[in-house]
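If you want the building blocks of each chain, they are given just below.
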Amino acid sequence: MAEAADFQGTSPSPARRWLWRTGALLAGVPLLTGLVQLPAAPSADAAGADTAQAASGAGSVSVSVDTLTPSAPTEDDTVTVSGTVTNKGKQTVTDAHVGLRVGPLLNTRSGIDSVAKNSTDVQSALGPEVDDKHSEEFAKLTPGVSQPFTLSVPVNKLDLGQDGVYQLAVTLSGQTSAQQWEQILGVQRTFLPWQPDDAGTKTRTTFMWPLVSTAHMTAETRSDEQQTPVFHDDDLAKEISPGGRLDRMVALGKDLDVTWVIDPDLLASVEAMTDRYEVPGEGDDTVVGGHQAVAKHWLTQVQEAVADKEVVALPFGDPDLASLAHNGTSVTGSLSHLKEATDVASRTVDAILHVKPSTDFVWPVDGAVDPSIVKVATSAGADKVIARSDTFEETGGLSYTPSAPRPIGGGTTAVVADARLSTVFQGDMTKASTSTLAVQRFLAQSLTLGLQTGKQRSVVVAPQRTPSASQAQTMAEALTILQDGTWSESQGLVAAAKAQPDPAATTKVPSASAYPSSLRKHELPRTTFEQIARTQAKLDKFKVILSDQSRVVTPFGRALNREMSVSWRGRQSEAAIYRSGVEAYLDTLLGQVRLIDKSETKLSGRSATIPVTVQNNLVQGVEHLVLRLTSTNPTRLEIDGDAYAEQRVAVSGGHSQSVKFTTSANANGRATVVAQLYTQDGQKYGEPVTFDVKVTEITATVMLVIGGGVLLLVLAGFRMYTQRKRAAAREARERDHEADEDADDPQNPETAGERLTQDSGADDPEQPSDPAPDTAPENADPSGTGERVDR
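The structure reproduced in this document is the subject of the present report. (Residues numbered from 1 in each chain as written. Predicted model: local features only at pLDDT ≥ 70, side-chain atom pairs only at ≥ 80, totals over all residues. Heavy atoms only, no water.)

Side note on the overall build of the protein chain
Then, in step 1: When helices and strands are tallied, the protein chain shows 20 helices and 29 strands.
Then, in step 2: For the protein chain, with 791 residues in total, the buried portion stands at 45%.
Then, in step 3: For the protein chain, contacts bridging at least 24 residues in sequence account for 77% of all contacts bridging at least 6.
Then, in step 4: Only carbon and sulfur atoms are counted for the fraction: they give 50% of the accessible area of the protein chain, which is about 38,500 Å². (Helix = DSSP H or I, 4+ residues; strand = E, 2+ residues; numbered from the N terminus. Buried < 20%, exposed > 50% of the residue type's maximum accessible area, 1.4 Å probe, protein only. Contact = heavy atoms within 4.5 Å. Areas by Shrake-Rupley, 256 points an atom, 1.4 Å probe, with all protein chains shown as cover.)

Structure follows, in structure tokens:
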């Protein structure tokens, strides 16, 4: 009788028939107890096919419900259920049949939760089985063997009464050799929403459709004009390729009335893939990525899908607000990264998708909030925080689910998503049975929520951030049915946030102690934000010397946003590798502008110039640098008359420049000199270069000695020269004398003619036939430097 009372809304005849059968069963108990007992005889409570009771345990047969159509039937429909039954026991099941049972009306949301939790419990109460002609029989079920089934029942045979959600169970009844009587050996419960006519007051439902991925781009870019980006993997190509997770999200969402919630980093990364990009190859090498066509196609599909739809842009990189609030606010500069990520979000989405997004929303992990998270969210300019009802719980004992918006003070609104509707699609949805059960449970919760009160309410569904392809498929199926149904109508997230709040709903933000420990243990640690701050400080020092800061500030700024991403939760080692890679690459760029090492320098005199070389291996020029040369012993060696001197430095890309400093020595010996680059604001840049200067002073006495030595060399050379000249003249006179004697000899016939000729030309000083002199004309000029002088 108690179970019969649970059938609210059923017609009198089925209830009376069920009571009559139960009464007949009870009346037969005394008769059965007087019979001869058989070894395996069933108890009196197990008699009768229509009242087959559960066997012990959870059942030896698994029942899978793979399809249920229509999911929300109307009066003229026929409900069709298909699936499989699998004998998981050790004994063969005989005389088995699969049938449908309609249980009581479930008029509370917690009642639906209870049924879903015990959906395969054969010992829980079940309703009567529908007419036998709508069942399917199996003569035998062998252990380990599965058999398919299909059951079709007109709605008018289900005896559905008032609007609401009914428990629908598929059971397998049969017997085994050990228990030779009919019993329920397996069951699968699900839900059948029943709202054949349009509801007088429809629930306004907002479904957030997230396009979010993990971080894929690094801070590294090539030196070409396009700044070819480098990705740390090529996994994004898999997600946007046909059949991939993000491809399915776009293909399914374009036909649904949803609010698109997008991480701008995803759009920026895919856009970078439409042109040349590089991915890791073998070892430390990179190779050119080859998915440009896929990236272009996906972006085109997104542009078409979001046209005329509501788009909400998350801060760039989807930063982890909870981690920032709990571990990062004490690190200087952390909040500025969140503000920057919010500011760049709108520009990125608008430039790529050509739509103006809303940037007023932030979405903490799983909608869990506390006062510090709200404070961080509002510091970035957002005034709407997407929370979830399992952490933002009602404290006023409401008997219904209130509308989503809750004013929480300071002009901030908490948009509280419904936890039951938001979490129903989690888990493995690759199995048809799991997907079907999730769809039916979602519809059941939605309908029951709508029937709680006659007031119109705004409900928000915030599913998991990165649904798998199968989860997205299940979500789309459920949402399609809901949007074609009779008790709900679609509404955008912006409108839901502006809806009239329920005055009875709680507006108190949960305390910090109420924040789920399961979420806290996966937060980004303080060291994450300390490393981000350290990298930012290096970037600030680097950018001020660059002639084109955007080539460095933009890729590194976005990389720092990615370092705070929610996607690193549960992936601490990968997050650390990514952060270290960003910082190491920045260190490499910093090292491209440096001082060239110098060896020991010798000064032979009281004053001299010392050159120091600045090398720039960047592709762009550097400026606003100051080079300081400092003497550690100014009493011995001064720089421009002081302990140090400075000069401004500007070097073109790919060049080096030597900067000269004037030095003066006051004493002999060794002095150490330090060269250091500084930025214009006085910050040290790069490593210093230290070298020694050995001073050797040249005195007046030394100069006299050297001068005397040079004079002696000159005099010796002059003496050698004059001696050679005298010897040459003497030899010439001797030859002339010999020639004259030969000419005076009358016996010499060869000279006779010559004498006649000479006599006739006595007036000419020289004739063309005269022999040339065998010595060069004397040159009175001094010899040139390096000229060789023979003795």
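Quick notes on the sheet that holds strand β2 (residues 78-87)
Then, in step 1: Read from one edge to the other, the open sheet built from three strands follows the order β1-β2-β5, with strand pairing classed as antiparallel. Edge positions in the sheet fall to β1 (61-69) and β5 (146-154), since each of these pairs with one other strand and no more. The sheet shows a mean angle of 20 degrees between the axes of neighbouring strands, taken without regard to direction.
Then, in step 2: Where β2 and β5 come together, nine bridges link them in antiparallel fashion. By the bridge assignment, valine 81 is partnered in β5 with leucine 151. (Pairing = 2+ DSSP bridges. Axes fitted to C-alpha atoms, helices over the stretch in contact; angles between N-to-C directions.)

Looking at helix α17 (residues 550-562)
Then, in step 1: Over its 13 residues, α17 runs 18 Å from end to end, which matches the ideal 18 Å to within 8%, given 1.5 Å per residue.
Then, in step 2: The element α17 is extensively covered by neighbouring structure, given that 10 of its 13 residues are classed as buried.
Then, in step 3: Turning to α17, its buried residues number three or more, namely Arg551, Val552, Pro555, Phe556, Gly557, Arg558, Ala559, Leu560, Asn561 and Arg562.
Then, in step 4: Looking at the buried residues of α17, the elements they touch are β9 (217-221), α6 (264-273), α9 (334-353), α16 (526-543) and α18 (572-590). (Expected span 1.5 Å × (residues − 1).)

Points about the pairing of strand β23 (residues 607-616)
Then, in step 1: Pairing geometry for strand β21 (residues 593-595) and β23, over three bridges, is antiparallel. Paired with arginine 594 across the bridge in β23 is glutamine 615.
Then, in step 2: Taken together, the 10 bridges between β23 and strand β27 (residues 655-665) define a ladder with antiparallel strand orientation. Residue pairing in the sheet places threonine 613 in a bridge with serine 658 of β27.

Side note on the packing of aromatic side chains
Then, in step 1: Within the structure shown, the criterion is met by seven aromatic pairs.
Then, in step 2: Between phenylalanine 556 and tyrosine 585, the aromatic rings sit 5.7 Å apart at their centres with planes inclined by 15 degrees, giving stacked as the arrangement. Of this pair, phenylalanine 556 sits in helix α17 while tyrosine 585 sits in helix α18, placing them 29 residues apart in sequence.
Then, in step 3: Among the residues examined, tyrosine 585 registers a relative accessible area of 17% and is labelled buried.
Then, in step 4: A network of ring pairs unites the aromatic residues Phe207, Trp209, Phe425 and Phe442 as a single cluster.
Then, in step 5: Note that arginine 465 overlies the ring of tryptophan 363, its terminal NZ or CZ placed 4.4 Å from the centroid.
Then, in step 6: The ring of phenylalanine 316 carries the charged tip of arginine 558 above its face, separated from the ring centre by 5.5 Å. (Phe/Tyr/Trp six-rings, centres within 6.5 Å; stacked < 30°, edge-to-face > 60°. Lys NZ or Arg CZ within 6 Å of the ring centre and 35° of its normal.)

Here's the deal with the pattern of salt bridges
Pairing between side chains becomes possible if they bear opposite charge and their charged atoms approach one another.
Then, in step 1: Under the defined criterion, the tally for this structure stands at 27 salt bridges.
Then, in step 2: A salt bridge links glutamate 129 to arginine 101, with the shortest nitrogen-to-oxygen separation between them at 3.2 Å. With a gap of 28 residues between them, glutamate 129 in the loop between α3 (109-117) and β4 (136-141) and arginine 101 in strand β3 (residues 93-106) connect regions that are remote in the sequence.
Then, in step 3: When the shortest N-O distance is used, the salt bridge between lysine 538 and glutamate 583 registers 3.0 Å. (Salt bridge = Lys/Arg side-chain N within 4 Å of Asp/Glu carboxyl O.)

Remarks on the packing of α17 against α18
Then, in step 1: It is the contact of α17 with α18, at a shortest axis distance of 10 Å, that shows an interaxial angle of 160 degrees. On the basis of the axis angle, α17 is roughly antiparallel to α18. Two packed elements cross with a definite hand, and for α17 against α18 that hand is left-handed. Seen from α17, the contacting residues are Phe556, Ala559 and Arg562; seen from α18, they are Tyr578, Val582, Tyr585, Leu586 and Leu589.
Then, in step 2: Here the residues of the contact of α17 with α18 sort into seven nonpolar, no polar and one charged. (Parallel < 35°, antiparallel > 145°, perpendicular 65-115°, else oblique. Left-handed = near helix turned anticlockwise from the far one by under 90°. Nonpolar A, V, L, I, M, F, W, Y, C, P; charged D, E, K, R; others polar.)

Some words on the side chain of glutamine 676
Then, in step 1: Looking at where glutamine 676 falls in the secondary structure, it is placed in strand β28 (residues 669-679).
Then, in step 2: On the basis of relative accessibility, which here comes to 6%, the residue glutamine 676 falls in the buried class.
Then, in step 3: In terms of polar contacts, glutamine 676 uses its side chain to reach the backbone carbonyl oxygen of tyrosine 685, at 3.1 Å.
Then, in step 4: Engagement of the side chain of glutamine 676 in a polar contact is seen with the backbone oxygen of glycine 686, the distance being 3.2 Å.
Then, in step 5: If near-sequence neighbours (up to four positions away) are discounted, glutamine 676 is found in contact with Leu595, Val626, Leu627, Arg628, Lys684, Tyr685, Gly686, Glu687 and Pro688. (Polar contact = N/O pair within 3.5 Å; in protein donor to acceptor, adjacent residues only side chain to side chain.)

Details of the pairing of strand β16 (residues 384-388)
Put simply, side chains in a regular strand alternate between the two faces of the sheet.
Then, in step 1: β16 sits mainly inside the fold: five of its five residues count as buried.
Then, in step 2: On β16, burial covers both faces: Lys384, Ile386 and Arg388 on one face and Val385 and Ala387 on the other are all buried.
Then, in step 3: Of the strand pairs in this sheet, strand β15 (residues 361-362) and β16 are connected by two bridges, and their pairing is parallel. Within β16, the position partnered with valine 362 by the bridge is valine 385.
Then, in step 4: A crossover connection joins β15 to the parallel β16 through helix α10 (residues 371-379); in handedness this β-α-β unit is right-handed.
Then, in step 5: Sheet topology places β16 next to strand β18 (residues 412-417); five bridges connect them, and they run parallel. The partner of isoleucine 386 across the bridge, within β18, is valine 415. (Right-handed = clockwise from strand over helix to strand, strands pointing away.)

As for the sheet that holds β21
Strand pairs in the sheet, formed through backbone hydrogen bonds, run parallel or antiparallel to each other.
Then, in step 1: With antiparallel pairing, the four strands of this open sheet are ordered in space as β21-β23-β27-β25. Taken across any chain shown, the strands that pair with only one partner, and hence form the sheet edges, are β21 and β25 (637-639). With strand direction ignored, the average angle separating the axes of adjacent strands in the sheet is 35 degrees.
Then, in step 2: In this sheet, β27 lies alongside β25 in antiparallel orientation, the contact comprising three bridges. Within the sheet, the bridge partner assigned to leucine 637 lies in β27 and is alanine 665.

As for a negative patch on the surface
Then, in step 1: A cluster of acidic residues, Glu75, Asp76, Asp163, Asp197 and Asp198, forms a negative patch on the protein surface.
Then, in step 2: Structurally, the position occupied by aspartate 76 is in the loop between β1 and β2.
Then, in step 3: The exposure class assigned to aspartate 76 is exposed, which follows from its relative accessible area of 76%. (Patch = residues over 30% accessible without salt bridge, like charges linked within 9 Å, V, L, I, M, F, W, Y side chains within 5 Å. Lys, Arg positive; Asp, Glu negative; His and termini not counted. Charge placed at Lys NZ, Arg CZ, Asp CG, Glu CD.)

Notes on helix α13 (residues 469-483)
Then, in step 1: An ideal rise of 1.5 Å per residue puts 21 Å on 15 residues; α13 measures up with 21 Å between its terminal C-alpha atoms.
Then, in step 2: Within the sequence span of α13, burial applies to Ser470, Gln471, Ala472, Thr474, Met475, Ala476, Ala478, Leu479 and Leu482.
Then, in step 3: Its buried side turned inward, α13 meets β8 (203-211), α5 (245-253), α12 (432-450) and β20 (488-490).

Thoughts on the environment of arginine 551
Then, in step 1: Structurally, the position occupied by arginine 551 is in helix α17.
Then, in step 2: Here arginine 551 falls in the buried class, since its relative accessible area comes to 17%.
Then, in step 3: C-alpha of arginine 551 to C-alpha of glutamine 226: the two residues are 325 residues apart in sequence and 9.8 Å apart in space.
Then, in step 4: Of note is the side chain of arginine 551, whose polar atom sits 3.1 Å from the backbone oxygen of aspartate 224.

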